[in-house]
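The residues making up each chain are set out below.
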Amino acid sequence: MKTTNNTILITGGSAGIGFEMAKLFSEAGNQVIITGRNKERMDKAIAKLKNTTDIVSDVTNAEDVDKLVAQLQKDYPNLNVVINNAGSAQVYNMIEPCINAFEKASEEMLTNYLSIIRLNEKLLPLLKQQSEAAIVNVSSIVAFAGRASTLPTYAASKAALHSYTNSLRIMLENGPIKVFELMPPLVDTEFSAIIGGANGIPPKQVADDLITAMQKDEYEIHVGQTADIFNNFFPLSQKAVLAFNGKL
Ligand SMILES: NC(=O)c1ccc[n+]([C@@H]2O[C@H](COP(=O)([O-])OP(=O)(O)OC[C@H]3O[C@@H](n4cnc5c(N)ncnc54)[C@H](OP(=O)(O)O)[C@@H]3O)[C@@H](O)[C@H]2O)c1
C-alpha cells in the first residue's frame, strides 16, 4: 500500500495515537482529515499539523456519522484510507456489586466495535471507487489476551473488532481495499493514564509501525509487546482463519 498521496480519514485524531498518525501521514505527503468530539482540542491539534483538516464528529452518533460521510463524499471524493482509531475503555472490576457492567460494556461495544462497522459500511462505496484503498482498524494487544482485573469488557470489544477485521479482509480480498489491523500494546497516552500508561511505548512508535507495515502490506500489525504475545501463543491464528475459510 502506498503511504504518500493518499486522502486519509483518522477518527479520534486530536490526541494520542491518532494525533501521531495524523502528524506522520501529513508530513509524508498525504491529505489528512481528523475527527473528534471536542472542537477546541481539535483546533489545538490542527495548529501543529500541516495538510490536515478537522471535522467535529462523534463515531457513536448516527447523525454525526451521516453528516461526516456526506461531507467526505462532497469535499474529499478521493478519500482512499480510513483509520478507525477512536476508542473507549472502562476500567473496572466486573464482579463488584452494582458496577453496571452491562452499561459499561454497551458503551465500549458501541464505540470500539459497532461504530466501526457502521462507518466502514457507509464509506465502502467511496473506497471501492479508488484504485488503491485501505481500512485500518485499531484494536489492541488485549484482543489476544485481556486484562481480567481492569479492562474485561474493553478487551472483549477489541476481540470482536479483531474477528470482524479478519472477516472484512477476506470479503474484500478481490478488490482495491486492503484491510489492516493495528494492535498496540500499552501506549503512553491520556487514554491509558489510569492503567499505568506512563510505562507504555510512545504513540509515535505505533504510528511508525503502521506506516512501515502498510508499505510492506503486512495486514495484522503486532506492535511491541503484542508481537511477543502473538509469537508465543498465537502464531497459527492467522492460518486458522485462512484454513477455516478454505484459503489454505
Ligand atoms: N493507549 C493505549 O495504551 C492503547 C493501547 C492499545 C490500543 N489503544 C487504542 O488506540 C486508540 C487510540 O487510543 P489513544 O490512547 O490514542 O487515546 P487518546 O489519547 O485518549 O485519544 C483518543 C482520541 O479519540 C477521540 N475520541 C474519543 N472518543 C471519540 C468518539 N466517540 N468519536 C470521535 N472521536 C473520539 C479523542 O478526542 P475527543 O475526546 O475530543 O473526542 C482523541 O482525539 C483507541 O482505539 C484505543 O483503544 C490504545
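Our subject is the structure that appears above.
Our subject in this report is the structure included herewith. Just so we're clear, the structure is a prediction, and the values are computed from it rather than from any experiment.

## Considering the overall build of the protein
Part 1 of the reasoning: Helix and strand content of the protein: 8 helices and 7 strands.
Part 2 of the reasoning: The globule rule puts the C-alpha radius of gyration for 248 residues at 18 Å, and the 17 Å found for the protein is close to it.
Part 3 of the reasoning: Here the C-alpha coordinates of the protein stretch approximately 50 × 50 × 30 Å along the principal axes.
Part 4 of the reasoning: Here the protein holds 248 residues, and the buried ones make up 41% of them.
Part 5 of the reasoning: Sequence separation of 24 or more characterises 65% of the internal contacts of the protein that already satisfy a separation of 6 or more.

## Some details on unusual backbone geometry
Part 1 of the reasoning: One non-glycine residue, Asn51, adopts positive backbone phi at about 50 degrees.
Part 2 of the reasoning: With respect to the helices and strands, the residue Asn51 is situated in the loop between α2 (39-47) and β3 (52-56).
Part 3 of the reasoning: In the Ramachandran plot, Cys98 falls in the positive-phi region, its phi being about 55 degrees despite a non-glycine side chain.
Part 4 of the reasoning: Here Cys98 lies in the loop between β4 (81-84) and α4 (101-128).

## Regarding the pairing of strand β1 (residues 7-10)
Part 1 of the reasoning: Examined bridge by bridge, β1 and strand β2 (residues 31-36) share 4 bridges and lie parallel to one another. Counterpart to Ile10 in the pairing with β2 is Ile34.
Part 2 of the reasoning: Handedness of the crossover joining β1 and β2 through helix α1 (residues 16-27) is recorded here as right-handed.
Part 3 of the reasoning: As judged from the 3 bridges shared by β1 and β4, these two strands associate in the parallel manner.

## Observations regarding helix α5 (residues 152-171)
Part 1 of the reasoning: For α5, built from 20 residues, the straight-helix expectation of 28 Å at 1.5 Å per residue is met to within 8% by its first-to-last C-alpha distance of 29 Å.
Part 2 of the reasoning: The set of residues buried in α5 consists of Pro152, Thr153, Tyr154, Ala155, Ser157, Lys158, Leu161, His162, Thr165, Asn166 and Arg169.
Part 3 of the reasoning: Residues of α5 that are buried make contact with α4, β5 (133-138), β6 (177-183) and α8 (237-244).

## Quick notes on the nonpolar core
Part 1 of the reasoning: Within the largest apolar cluster, 56 residues are counted, with the highest numbers of intra-cluster contacts made by Ile83 and Leu210.
Part 2 of the reasoning: Contact partners of Ile83, with chain neighbours within four places excluded, come to Ile8, Leu9, Ile10, Thr11, Met21, Val136 and Val138.

## Notes on the site of the ligand
Part 1 of the reasoning: Within the structure, the ligand sits among 33 residues, and Gly12, Gly16, Asn38, Gly87 and Phe191 are positioned closest to it.
Part 2 of the reasoning: Taken together, the elements giving at least two residues each to the shell around the ligand come down to α1 and β2.
Part 3 of the reasoning: Considering every element that reaches the shell around the ligand, the biggest residue donor is α1, with 3 residues.
Part 4 of the reasoning: In terms of residue class, the shell around the ligand is made up of 10 nonpolar, 19 polar and 4 charged.

Rules used throughout
- Residues numbered from 1 in each chain as written.
- Predicted model: local features only at pLDDT ≥ 70, side-chain atom pairs only at ≥ 80, totals over all residues.
- Helix = DSSP H or I, 4+ residues; strand = E, 2+ residues; numbered from the N terminus.
- Rg over C-alpha atoms; globule rule 2.2 N^0.38 Å.
- Buried ≥ 20, exposed ≤ 12 C-beta atoms within 10 Å, placed from the backbone.
- Contact = placed C-beta atoms within 7 Å.
- Pairing = 2+ DSSP bridges.
- Right-handed = clockwise from strand over helix to strand, strands pointing away.
- Expected span 1.5 Å × (residues − 1).
- Core = buried A, V, L, I, M, F, W, Y, C linked by C-beta atoms within 7 Å.
- Near = placed C-beta within 6 Å.
- Nonpolar A, V, L, I, M, F, W, Y, C, P; charged D, E, K, R; others polar.

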